[in-house]
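So you can see what is in the structure, the chains are spelled out below.
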Amino acid sequence: MADVYMAIGAHVGDAELTSGLVLANQALKGDKIITVALTGGERGNPPNLTVKEYRKQKESEAKTFAEMLGGKAIVLDYVDGELPNNQEIRLEVAALIRKYRPKMIFTHWEKSMHKDHITTSKIVTDAQFFAGIDMGDKVEGKRHYAPIYFSENWEDADDFKPYIYITCSKEAYDLWKKAMAKHWFIMNSKSFRYFDYYTHLAVVRGALARSDYAQAFAVYEYQKKVVRNEL
């Protein structure tokens, strides 16, 4: 039976960049991929598009990326830069976790230069908790728990310490690059070389993991356990 892997980002493109290689790797193994963007990331609009027009384009780009991996993209209705930090969105994300029942969740590290990234990290960690406990009729679906891995993002670098290295195949790397190329900002941003940075970072993390390609993730201190039954 196929497993489900869910990546939750503040904006369309966040999850695709920071955990997309791992998602592609799992997709090629037959697993199901779900990307969730809490906002469209529409305020990085190019000069020729309004914010509203770019929102539609970003939603289409998210859909294309996920479908290239045989998965599904979900973009919530919240506004880029105005992501609320409230109970309502936490319960909304908890319902998605219960509905799709992922084996693992990828999201933002808790410290960032971007307020939406910080808020998303708080939302997802609380939503994970709510999804796993009895919330009565506040959250639809059966309880479900999935561990969270915090993705490596250049904007979320403060105190980020890579701990988990997930190695990936050449086929996954190629698929990931093709899917990322469908995102306008990844290929055309004048403020940051997204495509170059993340594709090269995958090679660097792969080298450290004694593999060709990898993506690295942080975890909370309580998750850091090495258990050996014998020496």
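Coordinates for the structure precede this section.
Here's what I pulled together on the structure shown here. Here the structure is a predicted model, which is why all the values come from computation and not from measurement. (Residues numbered from 1 in each chain as written. Predicted model: local features only at pLDDT ≥ 70, side-chain atom pairs only at ≥ 80, totals over all residues. Heavy atoms only, no water.)

**A look at the overall build of the chain**
Moving on, step 1. Secondary structure summary: the chain contains 8 helices and 7 strands in total.
Moving on, step 2. Computed over the C-alpha atoms, the radius of gyration of the chain is 17 Å, within 12% of the 17 Å expected from 2.2 N^0.38 for a compact globule of 231 residues.
Moving on, step 3. With 231 residues in all, the chain has 53% of them scored as buried.
Moving on, step 4. Counted over contacts in the chain with a minimum sequence separation of 6, partners at least 24 positions apart contribute 78%.
Moving on, step 5. A total accessible area of about 11600 Å² is found for the chain, and carbon and sulfur atoms account for 51% of it.
Moving on, step 6. Within the chain, one finds 32 positive and 31 negative side-chain charges whose respective centroids are separated by 3 Å. (Helix = DSSP H or I, 4+ residues; strand = E, 2+ residues; numbered from the N terminus. Rg over C-alpha atoms; globule rule 2.2 N^0.38 Å. Buried < 20%, exposed > 50% of the residue type's maximum accessible area, 1.4 Å probe, protein only. Contact = heavy atoms within 4.5 Å. Areas by Shrake-Rupley, 256 points an atom, 1.4 Å probe, with all protein chains shown as cover. Lys, Arg positive; Asp, Glu negative; His and termini not counted. Charge placed at Lys NZ, Arg CZ, Asp CG, Glu CD.)

**Overview of the sheet that holds strand β1 (residues 4-9)**
Moving on, step 1. Sheet architecture is open: 7 strands sit in the order β3-β2-β1-β4-β5-β7-β6, paired in mixed fashion. For this open sheet the edge positions go to β3 (72-78) and β6 (164-168), each flanked by a neighbour on one side alone. With strand direction ignored, the average angle separating the axes of adjacent strands in the sheet is 30 degrees.
Moving on, step 2. Sheet strands in contact with helix α4 (residues 87-100) are β1, β2 (32-39), β3 and β4 (104-107), and its direction is about 165 degrees off that of β3. (Pairing = 2+ DSSP bridges. Axes fitted to C-alpha atoms, helices over the stretch in contact; angles between N-to-C directions.)

**Some thoughts on unusual backbone geometry**
Moving on, step 1. One non-glycine residue, Arg 101, adopts positive backbone phi at about 50 degrees.
Moving on, step 2. Structurally, the position occupied by Arg 101 is in the loop between α4 and β4.
Moving on, step 3. Given a relative accessible area of 36%, Arg 101 falls into the partly exposed group.
Moving on, step 4. One non-glycine residue, Arg 210, lies in the positive phi region at around 60 degrees.
Moving on, step 5. In this structure, Arg 210 sits in the loop between α8 (194-208) and β7 (213-218).

**Some details on the side chain of Glu 16**
Moving on, step 1. Here Glu 16 lies in helix α1 (residues 14-18).
Moving on, step 2. For the buried Glu 16, no salt bridge exists, and the shortest N-O distance to an oppositely charged side chain is 7.6 Å, to Lys 58.
Moving on, step 3. The contacts of Glu 16, once residues within four sequence positions are left out, are Ala 62, Phe 65, Trp 176, Met 180 and His 183. (Salt bridge = Lys/Arg side-chain N within 4 Å of Asp/Glu carboxyl O.)

**Some points on helix α5 (residues 115-132)**
Moving on, step 1. Under the 1.5 Å per step criterion, the end-to-end length of α5 is 26 Å for 18 residues, consistent within 8% with the ideal 26 Å.
Moving on, step 2. Taken together, the buried positions of α5 are occupied by Asp 116, His 117, Thr 119, Thr 120, Ser 121, Ile 123, Val 124, Thr 125, Ala 127, Gln 128, Phe 130 and Ala 131.
Moving on, step 3. Here the buried face of α5 lies against β1, α1, β2, α4, β4 and β5 (148-151). (Expected span 1.5 Å × (residues − 1).)

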